[in-house]
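Take a look at the letters that make up each chain.
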Amino acid sequence: MTQDGPRADGPGRGDGEHPDPERARPRRHTPGPGTEATPHDPPADDPSTAPFDPPPGAGTGRFGPPGRPLRRNSFLLGFTGALGVLSAYTLYLGVRNAAGILVLVLIALFLAVGLNPAVARLRKWGLPHGLAVSVVALTVVLLLCGGVVALVPPIVTQSGQFVEQLPHLVQDLRRNETVNDLVERYDLVQRVQGAVNAETVSRALGGVLGGAQLIFGTIFRILTVLVLTIYFLAYFNRLRALGYALVPRSRRERVQLIGDEILAKVGAYMVGALCIAVLAGLSTFIFALIVGLAYPIALAVVVAVTDLIPQIGATLGAVIVSLVGFATDLSAGIACAVFFLVYQQVENYLIYPKVMRRSVQVNEVAALLAALLGVALIGVVGALIAIPTVAAIQLILREVVLPRQQSR
């Protein structure tokens, strides 16, 4: 037997021994205090040369272990910031281009929230969910059709009568000596003939096409809102559950209670506004029958629809009916102005505060400011959703913000 000498891979290690992991691991060269690091030697604290161990619990999965994190350098930070700015600008362009559709979606969602209590009431009476939604949607469609039937025939009839009487009006004007004198003095006939040219005709056709486009666009928007409202009503519970599921579990119960209270206030506001509008329409109908105005049903529908717009709707309806009254007779116009002046005072100071105080509990000053801001921001839609929004903000302040500030 020969005595084994020291082997090249380390002293005192037999054939069956495994190498020491600490000795086998390559060590990083660290310059001493008296030596200088060469350009090829990486610094001791360079994260790019440190061994990367995946975090505990990070399995390999289908695509292997996660790689080394990217180094944070100025180029990467600037590129990431530029991507963020570009994404924000793209989002802004998308929202701006889709503003019309988003407004329609907002109106449909607001109507669905307001009509959902009716669906819930029908379900308590034993109707299935689909049948309850169908009954509510059919009622809304019938109301819209009734409004169209009440408004369109008077407009068509009055337009036809004006076209029929137009030649007689022209003949009466020509028989008037004062009118003939003005026509000869200012040469109105030549001016009219000079105005009737190709450019004027093209502008008139453009106006007609623009009017047709406005009419069809309005019909399309109404149908879109109606269809979206029906869909939101049909999937209202699922959408609400999905919204609450996005909240962390620790806060989900409280958020659900506050959210249900906000939805209840929006529905109560819709019911209160509809009651006030129906009362205004019935009052206008009875007054129109007493005074003898033409088309009392149409006038009542106009007043009821415009009364749904907070702050300015009642005045707008009063102006329309008063103009019709003055066109009929001077005494009828004065009676219309006096009636709406008195009725608006009763509605503003007696009916509206009581109904809204019971439904949404919003201060009158806050409601007025909210309506003005809503009109300034997004028009009539802002006025419609102003009061429920103020009610929601008041609830959040009272239940979330103020208790948190009090506990600090």
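The shown structure was predicted, so the numbers you read here are calculated from the model rather than taken from an experiment. All residue numbers here refer to positions counted from 1 along the written sequence of the relevant chain. Local features in this predicted model are restricted to residues whose pLDDT is 70 or higher, and side-chain atom pairs enter the listing and the counts only when it is 80 or higher, whereas totals over whole chains, interfaces and linings include all residues. No hydrogens and no water enter the side-chain calculation; it runs on all heavy atoms of the structure.

Draft legend 1. Up close: the overall build of the protein. Across its full length, the protein carries 14 helices and zero strands. Working definition: helices are DSSP H or I runs of at least four residues, strands are E runs of at least two. Numbering for both runs from the N terminus. In the protein, the order of α-helices and β-strands from amino to carboxyl end is α-α-α-α-α-α-α-α-α-α-α-α-α-α. Taking the contacts inside the protein whose residues are at least 6 apart along the sequence as the reference set, 59% of them involve residues at least 24 apart. Taken as a whole, the protein presents about 29,400 Å² of accessible surface, with 67% of it coming from carbon and sulfur. Only heavy atoms matter for contacts: two residues are in contact if any of them lie within 4.5 Å across the pair. Here the open area of atoms and residues is found with the Shrake-Rupley method and a 1.4 Å probe, where only the protein chains shown may cover a residue.

Draft legend 2. Expanded view of empty space enclosed by the protein. Cavity and pocket criteria rest on a 1 Å grid covering protein atoms alone: a 1.4 Å probe that fits but cannot get out defines a cavity, protein on both sides within 12 Å along at least 5 of 7 lines defines an open pocket, and an atom within 4 Å of a point defines a lining residue. Grid points are joined across faces, edges and corners, and a volume is the space filled by probe spheres set on the points. Taken as a whole, this structure holds one cavity of 30 Å³ or more when the rule is applied. The space that makes up the largest cavity amounts to roughly 40 Å³. Residue assignment for the lining of the largest cavity shows that the elements contributing at least two residues are helix H10 (296-307) and helix H12 (330-359). Considering each element in turn, the lining of the largest cavity owes the most residues, four residues, to H12. Under the scheme applied here, ten amino acids are nonpolar (Ala, Val, Leu, Ile, Met, Phe, Trp, Tyr, Cys and Pro), four are charged (Asp, Glu, Lys and Arg), and all others, including Gly, are polar. Split by residue class, the lining of the largest cavity holds five nonpolar, one polar and two charged.

Draft legend 3. Representation of the confidence of the model for the protein within the structure. The pLDDT value tells you how sure the predictor is about a given residue, anywhere from 0 up to 100. Here the protein averages 75 in pLDDT, and 69% of its residues register 70 or above. Here helix H1 (residues 21-24) is the element of the protein with the lowest mean pLDDT, 48, and helix H8 (residues 236-245) is the one with the highest, 90. Contacts of residues 1-19 to residues separated by more than four positions or lying in other chains number five contacts, the stretch itself having pLDDT below 50. Counted against residues more than four places away or in other chains, residues 21-26, with its pLDDT under 50, gives one contact.

Draft legend 4. Representation of the environment of Arg 123 within the structure. Of note, Arg 123 is situated in helix H3 (residues 99-124). Separated by ten residues in sequence, Arg 123 and Val 133 place their C-alpha atoms 9.3 Å apart.

Draft legend 5. H10, seen in detail. Spanning twelve residues, H10 covers 16 Å between terminal C-alpha atoms, matching the ideal 16 Å at 1.5 Å per step. To sort residues, take the accessible area from a 1.4 Å probe on protein chains only and compare it with the maximum for the residue type: under 20% means buried, over 50% means exposed, and anything in between is partly exposed. Among the residues making up H10, those that are buried are Pro 296, Ala 298, Leu 299, Ala 300, Val 302, Val 303, Ala 304, Thr 306 and Asp 307. The span you would expect from a helix comes to 1.5 Å times its residue count less one.

Draft legend 6. Geometry of the packing of H3 against helix H9 (residues 249-291). Every angle, taken between N-to-C directions, lies between 0 and 180 degrees, and every axis is a line fitted to C-alpha atoms, over only the stretch in contact when it is a helix. Direction vectors running N to C along H3 and H9 enclose 85°, while the axes themselves pass 8 Å from each other. For the element pair H3 / H9, the angle class is roughly perpendicular. Residues Phe 110, Leu 111, Val 113, Gly 114 and Pro 117 of H3 form the contact with H9, whose own contacting residues are Leu 263, Val 266, Gly 267, Tyr 269 and Met 270. In the contact of H3 with H9, the residues fall into eight nonpolar, two polar and no charged. By the definition adopted for this analysis, an angle is roughly parallel if under 35 degrees, roughly antiparallel if over 145, roughly perpendicular if from 65 to 115, and oblique otherwise.

Draft legend 7. Inspection of the nonpolar core at higher detail. Membership of the largest hydrophobic core comes to 19 residues, with the highest contact counts inside it found for Phe 110, Tyr 269, Met 356, Val 360, Val 362 and Ile 387. Elements that contribute at least two residues to this core include exactly H3, H9, H12, helix H13 (364-378) and helix H14 (380-407). Only buried residues count toward a nonpolar core. Its members are Ala, Val, Leu, Ile, Met, Phe, Trp, Tyr and Cys residues joined through side-chain atoms within 4.5 Å.

Draft legend 8. Fine view of the packing of aromatic side chains. Here is the rule: rings of Phe, Tyr and Trp (six-membered ring for Trp) pair when centre to centre is within 6.5 Å. Planes less than 30 degrees apart are stacked, more than 60 are edge-to-face, and the remainder are tilted. Tallying each qualifying case throughout the model produces five aromatic pairs. With 6.3 Å between their ring centres and 35° between their planes, Tyr 89 and Tyr 92 make a pair best called tilted. Of the two residues, Tyr 89 and Tyr 92 both sit in helix H2 (residues 74-97), three residues apart, roughly one turn of that helix. Given a relative accessible area of 49%, Tyr 89 falls into the partly exposed group. With relative accessibility at 46%, the residue Tyr 92 sits in the partly exposed group. Here Phe 110 and Tyr 269 contribute two aromatic rings whose centre-to-centre distance is 6.4 Å and whose plane-to-plane angle is 55°, an arrangement assigned as tilted. A residue pair is termed long-range when its members are at least 10 positions apart, and Phe 110 in helix H3 and Tyr 269 in helix H9 qualify at 159 residues. Note on Phe 110: relative accessible area 13%, which makes it buried. One aromatic cluster is present, built from ring pairs that chain together Phe 287, Phe 339, Phe 340 and Tyr 343.

Draft legend 9. Structural context of the pattern of salt bridges. By convention in these notes, a salt bridge is any Lys or Arg side-chain nitrogen within 4 Å of a carboxyl oxygen on Asp or Glu. If you walk through the whole model with that rule in mind, you get two salt bridges. Where Arg 240 meets Asp 260, a salt bridge forms, and the shortest distance between an N and an O atom there is 3.9 Å. Here the residue Arg 240 occupies a position in helix H8, and Asp 260 occupies one in helix H9, the gap between them amounting to 20 residues. With a shortest N-O distance of 3.8 Å, Glu 399 and Arg 398 are connected by a salt bridge.

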